[in-house]
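Commentary on secondary and tertiary structure
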There are 2 protein chains.
Amino acid sequence: QATSVDRSSHSMDKSITLPPDEIFRNLENAKRFAIDIGGSLTKLAYYSTVQHKVAKVRSFDHTAKVGGETEGDPLYEISMQEEVSARLHFIKFENAYIETCLDFIKDHLVNTDTKVIKATGGGAHKFKDLIEKKLKLRVDKEDEMTCLIKGCNFVLRNITHEAFVYAKHADSEFRFQNTHPDIFPYLLINIGSGVSIFKVESEDTFERVGGSSIGGGTFWGLGALLTKTKRFDELLQLASKGQHTNVDMLVKDIYGGSYGSLGLTGDLIASSFGKSATPDKEFSKEDMAKSLLHMISNDIGQLACLYARLHNLTRVYFGGFFIRGHPVTMHTITYSINFFTKANFVRIFFLMGSSFFCLIHCYFFLLYLDPNQYSWGENYAGSSGLMSTSPDLNPMQRARSGTFDMLEMDRLERQLVNLPLLQDPSSYIPDTVDLSEDALAREYWLYCFEEALDGVVKRAVASQPDLPEAAERAEKFRHKYQHKLQTLRHQPL
Amino acid sequence: QATSVDRSSHSMDKSITLPPDEIFRNLENAKRFAIDIGGSLTKLAYYSTVQHKVAKVRSFDHTAKVGGETEGDPLYEISMQEEVSARLHFIKFENAYIETCLDFIKDHLVNTDTKVIKATGGGAHKFKDLIEKKLKLRVDKEDEMTCLIKGCNFVLRNITHEAFVYAKHADSEFRFQNTHPDIFPYLLINIGSGVSIFKVESEDTFERVGGSSIGGGTFWGLGALLTKTKRFDELLQLASKGQHTNVDMLVKDIYGGSYGSLGLTGDLIASSFGKSATPDKEFSKEDMAKSLLHMISNDIGQLACLYARLHNLTRVYFGGFFIRGHPVTMHTITYSINFFTKANFVRIFFLMGSSFFCLIHCYFFLLYLDPNQYSWGENYAGSSGLMSTSPDLNPMQRARSGTFDMLEMDRLERQLVNLPLLQDPSSYIPDTVDLSEDALAREYWLYCFEEALDGVVKRAVASQPDLPEAAERAEKFRHKYQHKLQTLRHQPL
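Residues numbered from 1 in each chain as written. Chains lettered and ligands numbered in written order. Predicted model: local features only at pLDDT ≥ 70, side-chain atom pairs only at ≥ 80, totals over all residues. Heavy atoms only, no water.

Chain A goes by Pantothenate kinase 4 (inactive) in an unreviewed UniProt entry, where it is assigned to Hucho hucho. UniProt lists a comment for chain A under the heading Cofactor (unreviewed entry), and it reads "Mn(2+)". (UniProt positions renumbered as here; feature names shortened; annotations may be inferred.)

Here we come to the side chain of A:Asn190. Relative to the helices and strands, A:Asn190 resides in strand S8 (residues 186-191). Apart from the residues within four sequence positions on either side, A:Asn190 is in contact with A:Leu148, A:Val195, A:Ser196, A:Phe198, A:Gly319 and A:Gly320. (Helix = DSSP H or I, 4+ residues; strand = E, 2+ residues; numbered from the N terminus. Contact = heavy atoms within 4.5 Å.)

Turning next to the pairing of strand S4 (residues 116-120) of chain B. Residue and element names in this part refer to chain B. The buried fraction of S4 is high, at five of five residues. Burial of the side chains of S4 extends over both faces: Val 116, Lys 118 and Thr 120 are buried on one face and Ile 117 and Ala 119 on the other. Summarising the sheet, strand S1 (residues 31-37) and S4 pair through four bridges and their orientation is parallel. Bridge pairing links Ile 35 to Ala 119 in S4. In the sheet, S4 pairs with strand S5 (residues 138-141) via four bridges, with the strands oriented parallel. Following the sheet pairing, Ile 117 is matched in S5 by Val 139. (Buried < 20%, exposed > 50% of the residue type's maximum accessible area, 1.4 Å probe, protein only. Pairing = 2+ DSSP bridges.)

So, about the interface of chain B and chain A. How big an interface is tends to be stated in terms of the accessible area lost upon association of its parts. Each partner contributes residues to the interface: chain B has 63 residues there, and chain A has 63 residues. Here chain B and chain A share an interface that buries about 5200 Å² over both sides, 61% of which is from carbon and sulfur atoms. For the pair chain B and chain A, the number of links is zero salt bridges. Counting across the interface, chain B meets chain A through 22 residue pairs in polar contact (both at pLDDT 80 or more). Only helix H1 (2-15), helix H4 (123-126), helix H6 (144-158), strand S10 (205-212), helix H7 (216-227), helix H9 (251-255), strand S12 (269-271) and helix H10 (285-310) of chain B provide two or more residues apiece to the side of chain B that touches chain A. With nine residues, the top contributor of residues to the side of chain B that touches chain A is H10(B). In terms of residue class, the side of chain B that touches chain A is made up of 27 nonpolar, 25 polar and 11 charged. (Buried area = accessible area lost by both parts, 1.4 Å probe. Salt bridge = Lys/Arg side-chain N within 4 Å of Asp/Glu carboxyl O. Polar contact = N/O pair within 3.5 Å; in protein donor to acceptor, adjacent residues only side chain to side chain. Nonpolar A, V, L, I, M, F, W, Y, C, P; charged D, E, K, R; others polar.)

Right, let's get into the environment of B:Lys484. Examined against the element boundaries, B:Lys484 turns out to sit in helix H15 (residues 470-490). Spatially, the C-alpha atoms of B:Lys484 and B:Leu419 are 32 Å apart, while their sequence positions differ by 65 residues.

Turning our attention to the pattern of salt bridges. Residues and elements named next belong to chain A. The full count for this structure, using the stated rule, is 36 salt bridges over all chains. Residues Lys 252 and Asp 267 are paired through a salt bridge, measuring 2.8 Å at the closest nitrogen-oxygen approach. Separated by 15 residues along the polypeptide, Lys 252 in helix H9 (residues 251-255) and Asp 267 in the loop between H9 and strand S12 (269-271) bring together distant segments of the chain. On the accessibility criterion, Lys 252 (38% relative accessible area) is partly exposed. Note that Arg 478 and Glu 475 form a salt bridge whose closest N and O atoms lie 3.0 Å from each other.

See below:
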């Protein structure tokens, strides 16, 4: 098996070119690496300091002057200051790329005094020698389960909008759960190559209560055999275009309609792939991929529901690379759980950055930091986020992030704390406008930003008259910004 | 969909020849038909009377004679008597054959005054017109679930050795549960095209508590797509020769060994088909079929176990065409349940004739009979039984029974009752020798029967000196009998 993996990654070497400025941003001064190697995907993290200019604005007080405004007096003064901030980079890619990526890192690292790389995930053992040889770092292993759960706890408590409820055809497809210190107990369904089910009762009390071999690796593996499509994201793309009813045997295919006395509707899947043994019939790749996705999502949904009932847990979080915000997957799981819990007793949440959990804990452990000591925020400009999972919106961006997925977190200068004047911070509900929920407000603000864009670009070029590349950079900015606004219009989250 | 089924069965018409004397025994005088049409298989039942000669032996009492034995006096006298007994025939075949079979029945029926055919299963609706047109009988539908549960109850109470525990590598692979009047409560996992899970609390209290779309139809359908093998039994045969470890990602493939702290052994499947996304690698049909069988059996095993725990049921019966005594399937399900219930709290049984449940109830209903009024026994000579599920033992027989499977039940002349002299029949344990358990006794008796065979054949020919075909029939008998003895040596049950 090891040989076949090596062979395949060698053959990959020749065909891929890494887009270094996008994927390995700030690699030159990267310090402290951590790596999480799963059955199918590798996640890599590094810490880097980022130097950037900050504009400080000082305004002048003209009220003392008699006779009103004077023509030549400036209203405010801008001074530029260099600032250094800490940034964490998380990069996810298929295991086949691991060697190429390690090579790239080795070649582009300018200086690092790091001697150790923290590693977790099953592959930490398998790829130990490769990593030590390439990066000249000692591999230090961390327990995967502890990393997973502690990382999940951190993310649930610190990252706003990490967990959300998915509701297709609703006004807003995503309903976010705000961060809350009171997160326990919960059930975590981690869908990697396989499925692991954890009951988490407190920061230090958790148990793997179940699992299943039918997971993301099954979708990938069976999907590759059925469609000859080897890329995970391409398979998801196929699935999003397919009609599972051509392949699956529905209740109505057997009963001619619903089976009322058992409460089974006609459209319910009676047998996944139940039609595909029909002789002399061809099935489309799209239909098979969709049927496979349904089969796996439904199965996981039912298991999640049964374990939640068995352990009397009402909050269920789904994470892992199989989820990662893919609408069809989330819809099927939601549907499945709603079907199996008629009493609506389970609340389901999906986790956005969940495939990085393992790494996040591992990373903080590496830094010898208390993860709760600082405040961290997602750097949206550097995170591919949900974009990587909506195949239809961004075909160009897909081509890249289908292979590489990124999450960046900036350490905030000051820790976020509650306003000291609040009488009871835990019961305080801030009066904010949620643009992902309020369509009218969203449209208004997106319009404002678009309208202002030309002016901003003009001002940016004018502000750096001595730099000949300013115009080109400003154009790049305009394009990127315009693109983000478009994305936000379609995916408000 | 209906069109494609019709087309496929038409194309079948030309290629199959039915072996009428084997499959449709005693069809000439068949009365009262019942049919159960599932998503993949059709089961047909008919009632027929069988006329056969019974030898009555009268022995003479010579003790009164003085002077010992006299040369010419016979010790006993044999007289032949014609008897008529009732027999139920159950025949199972793939849905594709339904039209051919109906045609055959219509052509070979000599006389029947039956006007109605009882029908159950999803297809009862779909094929209603076809049946009415072909057989000129009115289709009268029965609720499938009621048929299933009542049939199961009947079989559990009446057929000895219907339910058994499967233990691979044990001295005796099968351990039978004897019939017992106290069968409730139990969980029934019926694996047809899909999976239905029933909680049965009494003769009249039962509920469908769950189900899954990953069932026999999934094995068949996905198996057909992966291996281009369209026959269910051929797929099972492929699976029995495969190595799932070539296709599945095991815990040791990810972790390099076991994951001790989670209690996961290295050989456990982490991700079904997790290896098959590997680029540029071919996978054998056998390996893929085995992996598929494992995936499905494990999933069903886990669901069964979770539902048993949720409903606090300790007896779990598995039935349906996916089981039907296939060793690899039973082994995986047993393994899976043992894995998931560490406390050994669930007892698992497999049901032999389970694919006929539905029909059995339906049939008794048709006869307006109380199923408990008579005693019935399985006619082993006419039932293909477990033989149809052991691909390696009987390749010749397979070729037939892979397509057609039979169960025959004879109504016993007198109802079996407890010996009236017993003080407490329910606590009485008969002192019998179980030849399926006692290997030495089994070998002794099989040897005796084999030794006696030549003599029996000779006597049979001699007993009918006027019939020229007697010798040929006796040879047929010798062959068949020899074959049965061989089977019993390898499959004692």
